[in-house]
2 protein chains.
Amino acid sequence: MRMRRRQGNPFNVNANSSTSIDTPLSPNMEDYMENISMLLKEHDVVRVKDIAKKLNIKMPSVTAALQKLKDKGLVDYEKYGHVQLTAKGKEVADTIYEKHSFLTEFFKDILGMDTQEAEQQACKLEHHLSSDASNRMQRFVEFYKQEQLDSQQWISRLDSALEEKRLSDLKEGEKAEIVRILGSGPLKKRLLEMGFRKGEIIHVIKYAPLKDPIEISIKDFLLSIRVEEAHSIIVKPLKNHD
Amino acid sequence: MRMRRRQGNPFNVNANSSTSIDTPLSPNMEDYMENISMLLKEHDVVRVKDIAKKLNIKMPSVTAALQKLKDKGLVDYEKYGHVQLTAKGKEVADTIYEKHSFLTEFFKDILGMDTQEAEQQACKLEHHLSSDASNRMQRFVEFYKQEQLDSQQWISRLDSALEEKRLSDLKEGEKAEIVRILGSGPLKKRLLEMGFRKGEIIHVIKYAPLKDPIEISIKDFLLSIRVEEAHSIIVKPLKNHD
DNA sequence: TAATATAATTAGTCAAGACTAATATTATAT
DNA sequence: ATATAATATTAGTCTTGACTAATTATATTA
Ligand SMILES: [Mn+2]
Ligand SMILES: [Mn+2]
Ligand SMILES: [Mn+2]
Ligand SMILES: [Mn+2]
């Protein structure tokens with residue numbers, strides 16, 4: 001469910017042409033704020049060129065953005081001049097950066113992603129988290145990092161879990177061991193009856209992606225299975241020489 | 001760091017005017033796929049009107065979207081006809097819905113948000129998660145829901161944590177108890193020396209938002225503190241009659 | 001079957017946010 | 001102090017994905 005801002009009504013006469021102030025910042029504008037703030041922490045003079053480089057865009061785009069952000073009272077900026085944040089602007093930037101930080105910690109320290117990917121993910125998601133969700137998640141990250149006990153347990157389990165695939169993701173000719181079967185209803189029961197059990201070795205005979213069914217063998221039995229069903233069978237691919 | 005798609009080069013002569021196929025789906029297009037799939041699970045005939053209603057947009061927007069999705073080979077659709085998903089389209093929709101599901105579980109069952117907010121958050125974030133992050137997070141949710149032991153501990157701690165604020169979020173006249181002080185460097189040391197200790201009661205005397213400093217009292221001492229410092233003091237507001 | 005109501009499409013507009021090309025300003029080097 | 005280089009701005013274009021108004025096609029009802 002989405003709320004899209006109503007926009008572009010040509011008959012809205014109270015035009016208030018500069019709708020600038022007060023409407024929430026778009027993800028892109030938030031990134032401008034965040035990155036200007038970061039640049040200001042490193043150098044005390046920030047130029048259009050610096051922002052363009054950091055955000056990997058061209059200078060005219062930056063100029064346009066700065067004009068909007070100035071209208072909103074978030075940056076101090078005069079033509080051809082240097083860029084500063086207003087008090088309000090700093091608040092905004094800090095709020096965003098805080099989300100960036102705990103999200104990064106979450107992806108890095110809890111989910112075990114490497115620094116760069118973690119940062120990237122964080123910098124995308126930060127613009128879409130409600131403040132309630134942010135609070136809760138921030139608490140959660142703090143909490144989890146204190147209880148290092150079982151987080152160890154989790155991390156070690158994660159590594160092997162990441163080697164797992166779904167049967168439907170295997171390619172023709174691949175072999176794999178069944179790790180577990182998702183679901184709980186009659187579907188799971190049927191799969192068990194067909195011979196899909198934990199530990200069994202599967203060999204994919206024929207698999208045309210998107211075309212049902214997949215043909216496989218389990219200890220010399222030939223079986224056909226629909227993609228949809230294969231989707232809920234978790235396997236661990238075997239190296240070729242097994 | 002962002003990658004923006006390069007766009008709008010008027011001199012790109014290999015125009016390939018229908019750049020349609022193969023470029024990744026935008027968040028909005030992903031929502032179309034997801035919701036069409038949901039509608040198809042309930043009714044076996046899906047009309048433009050249904051999609052418009054579900055997504056809370058107008059019919060012409062839907063028509064335009066369907067034309068694009070058809071170009072990309074994701075929907076079966078003829079003018080004035082009913083809407084179906086292609087095999088590829090189903091795959092796409094399922095992938096998105098899977099993210100939607102475990103994200104919802106995360107916000108609901110781990111962070112304790114109510115169903116509706118959890119769904120909303122999930123449906124925003126689902127479009128921005130890499131497949132690696134998705135995998136890890138899905139594993140994490142599964143793992144966490146099995147170890148109900150300490151998740152209990154966490155949930156109960158969360159409730160009280162959500163009553164907490166930062167000193168910088170209090171309004172003039174409010175009283176609060178210090179819960180803890182964030183950070184670790186010399187800043188924290190200085191705050192402790194000033195008398196900010198766990199359990200102390202704070203009374204905010206004067207606070208003009210965005211204007212340093214904040215004036216407060218701790219057991220009859222008057223103190224001034226900068227917003228930035230107040231930001232790292234976690235407090236629990238007291239009811240008026242305390 | 002004809003008249004009406006509902007549903008869907010087209011045409012044209014708008015805002016955001018990127019881009020290029022051309023121009024203007026400021027900084028640096030001779 | 002001037003010439004050149006580096007930066008920044010304007011003007012105009014493009015795509016995406018909304019919107020309204022007008023038109024066309026399909027369904028329903030008399
Ligand atoms: Mn970001
Ligand atoms: Mn960020
Ligand atoms: Mn969504
Ligand atoms: Mn969703």
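Everything below is about the structure shown above.
Residue numbers run consecutively from 1 along every chain, following the written order of its sequence. As they are written, the chains are lettered A onward and the ligands numbered 1 onward, keeping that order. It should be noted that, the model being predicted, local features are given only for residues of pLDDT at least 70 and side-chain atom pairs only at 80 or more, the latter also being counted only at that level, while totals for whole chains, interfaces and linings use all residues. Here the side-chain values reflect all heavy atoms present in the structure, with hydrogen atoms and water set aside.

Colleague: Any chance you could explain the coordination of the manganese ion (ligand 2) here in plain terms?
Modeller: Each pair of donors in an ideal octahedron of six around a metal sits at 90 or 180 degrees, and each pair in an ideal tetrahedron of four sits at 109.5 degrees. Residue and element names in this part refer to chain A. We call an atom a donor if it is N, O or S and sits within 2.8 Å of the metal, or 3.2 Å for Na, K and Ca. Water is not counted, so some sites may look partial. In this structure, Glu34 (OE), Glu34 (OE), His100 (ND1), Cys123 (SG), Glu126 (OE) and Glu126 (OE) serve as the protein donors to the manganese ion (ligand 2), at separations of 2.1 to 2.4 Å. If you look at the manganese ion (ligand 2), its six donor atoms make angles of 55 to 146° with each other, and the shape they trace is irregular. Of note, the donors binding the manganese ion (ligand 2) are all from one chain and are spaced E-x65-H-x22-C-x2-E. Between the manganese ion (ligand 2) and the manganese ion (ligand 1), both coordinated by Cys123, there is a metal-metal distance of 3.5 Å. By the criteria applied here, four donors are tetrahedral when all angles lie between 85 and 135 degrees, four are square planar and six octahedral when opposite donors are over 155 degrees apart and every other angle lies between 65 and 115, and any other arrangement is irregular.

Colleague: I would appreciate a short explanation of the packing of helix H6 (residues 131-146) of chain A against helix H6 (residues 131-146) of chain B in the present structure.
Modeller: Helix-helix packing: each pair is described by the crossing angle between the helix axes and the interaxial distance. Orientation of H6(A) relative to H6(B), taken along the N-to-C sense of each, is 65°, at an axis distance of 16 Å. Between H6(A) and H6(B), the angle is such that the two are roughly perpendicular. The interaxial crossing formed by H6(A) with H6(B) has left-handed handedness. Residue-level inspection shows A:Phe140, A:Phe143 and A:Tyr144 of H6(A) in contact with H6(B), the latter providing B:Phe140, B:Phe143 and B:Tyr144. Residue polarity is assigned by list, with Asp, Glu, Lys and Arg as charged and Ala, Val, Leu, Ile, Met, Phe, Trp, Tyr, Cys and Pro as nonpolar; anything else, Gly included, falls into the polar class. For the contact of H6(A) with H6(B), the residue count by class is six nonpolar, no polar and no charged. With axes taken as lines fitted to C-alpha atoms, and helix axes fitted only over the stretch in contact, angles between N-to-C directions fall between 0 and 180 degrees. By the criteria applied, helices consist of DSSP H or I runs no shorter than four residues and strands consist of E runs no shorter than two, each listed in order from the N terminus. Put simply, angles under 35 degrees are roughly parallel, angles over 145 are roughly antiparallel, angles from 65 to 115 are roughly perpendicular, and the rest are oblique. Crossing handedness is defined as follows: a turn of the near helix away from the far one that is anticlockwise and smaller than a right angle gives a left-handed crossing, while the clockwise case is right-handed. Contacts were defined at the residue level, with two residues in contact if any of their heavy atoms lie within 4.5 Å.

Colleague: What am I meant to see in the coordination of the manganese ion (ligand 4) here?
Modeller: All names here are of chain B. Every protein donor of the manganese ion (ligand 4) is accounted for by Glu34 (OE), Glu34 (OE), His100 (ND1), Cys123 (SG), Glu126 (OE) and Glu126 (OE), and the metal-donor separations fall at 2.2 to 2.4 Å. Bound by six donor atoms, the manganese ion (ligand 4) shows angles of 56 to 145° at the metal and therefore irregular coordination geometry. All donors of the manganese ion (ligand 4) belong to a single chain; written as a sequence motif, their spacing is E-x65-H-x22-C-x2-E. The distance between the manganese ion (ligand 4) and the manganese ion (ligand 3) is 3.5 Å, with Cys123 acting as a donor to both metals. Only protein chains enter the calculation, and the probe is 1.4 Å; a residue is then buried if its accessible area is under 20% of its type maximum, exposed if over 50%, and partly exposed in between. Given the relative accessible area of 6%, Cys123 is considered buried.

Colleague: Help me understand the relation of the copies chain A and chain B, please; the structure alone is not making it clear to me.
Modeller: The second copy of the chain is related to the first by a rotation about an axis and a shift along the axis. The operation relating chain A to chain B is a screw motion whose rotation component is 180°, with 0.1 Å of axial translation and a residual RMSD of 0.2 Å. Overall, the copies show the geometry of a two-fold rotation axis. Within chain A, the C-alpha atom positioned nearest to the axis of rotation is that of A:Leu125, 3.2 Å from it. By residue overlap, the copies meet face to face through one surface: 100% of the interface positions of chain A are interface positions in chain B. Each copy is superposed on the other by least squares, with the fit set by C-alpha atoms of residues at a pLDDT of at least 70 in both.

Colleague: What is the right way to read the sheet that holds strand S3 (residues 165-166) of chain B from this model?
Modeller: To summarise the sheet geometry, strands pair through backbone hydrogen bonds and adopt either a parallel or an antiparallel arrangement. Residue and element names in this part refer to chain B. Here six strands make up an open sheet; going across it, the order is S3-S8-S4-S5-S6-S7 and the pairing antiparallel. Pairing within the sheet leaves two strands with one partner each, and these edge strands are S3 and strand S7 (221-225). Strand pairing is assigned whenever DSSP identifies at least 2 bridges connecting the two strands. Inspection of the sheet shows strand S4 (residues 175-181) paired to strand S5 (residues 201-206) by three bridges, in the antiparallel sense. The partner of Ala176 across the bridge, within S5, is Ile202.

Colleague: Hey, could you run me through the interface of chain A and chain B in this one?
Modeller: Many descriptions give the size of an interface as the accessible area lost when the pieces come together. Counting residues at the interface gives 56 residues for chain A, matched by 57 residues for chain B. Across the chain A/chain B interface, buried area totals approximately 5,000 Å², and carbon plus sulfur atoms make up 54% of it. The salt bridge definition used is simple: a Lys or Arg side-chain nitrogen within 4 Å of an Asp or Glu carboxyl oxygen. Counting every contact that joins chain A to chain B gives six salt bridges. N or O atoms closer than or at 3.5 Å make up a polar contact, with two conditions inside protein: a donor-capable atom paired with an acceptor-capable one, and, for residues adjacent in sequence, both atoms drawn from side chains. Joining chain A to chain B, the criterion identifies eleven residue pairs in polar contact (both at pLDDT 80 or more). Elements with a contribution of two residues or more to the side of chain A that touches chain B: helix H1 (27-42), helix H2 (48-55), helix H4 (87-110), helix H5 (115-125), H6 and helix H7 (148-161) of chain A. It is H6(A) that provides the largest number of residues to the side of chain A that touches chain B, a total of twelve residues. In the side of chain A that touches chain B, the residues fall into 24 nonpolar, eleven polar and 21 charged. The quantity reported as buried area is the accessible area (1.4 Å probe) lost by two parts once they are put together, taken as the sum for both.

Colleague: When you look at the sheet that holds strand S3 (residues 165-166) of chain A in this model, what are you seeing that I'm missing?
Modeller: Taken together, the six strands give an open sheet; going across it, the order is S3-S8-S4-S5-S6-S7 (chain A), and neighbouring strands pair in antiparallel fashion. Among the strands making up the open sheet, the edge pair consists of S3 and strand S7 (221-225) of chain A.

Colleague: Can you walk me through the pattern of salt bridges in this structure?
Modeller: Side chains bearing opposite charge may pair, as long as their charged atoms lie close to each other. Residue and element names in this part refer to chain A. One pass over the full model with this rule turns up 24 salt bridges over all chains. Taking the shortest distance from any N to any O, the salt bridge between Asp50 and Arg47 comes out at 3.5 Å. For Asp50, a relative accessible area of 18% translates into the label buried. By relative accessible area, which is 42% here, Arg47 ends up partly exposed.

Colleague: Hey, could you run me through helix H1 (residues 27-42) of chain B in this one?
Modeller: An α-helical segment advances 3.6 residues per turn. Residues three or four places apart therefore align on the same side. All names here are of chain B. One less than the residue count of a helix, multiplied by 1.5 Å, gives the span that helix is expected to have. Compared with the 22 Å implied by 1.5 Å per residue over 16 residues, the 23 Å span of H1 between its first and last C-alpha is a close match. Of the positions making up H1, those classed as buried are Met29, Glu30, Asp31, Tyr32, Met33, Glu34, Asn35, Ile36, Ser37 and Leu39. The secondary structure elements touched by the buried residues of H1 are helix H2 (48-55), helix H3 (59-71), strand S1 (75-76), strand S2 (84-85), helix H4 (87-110) and helix H5 (115-125).

Honestly, it's all geometry; don't read function into it.
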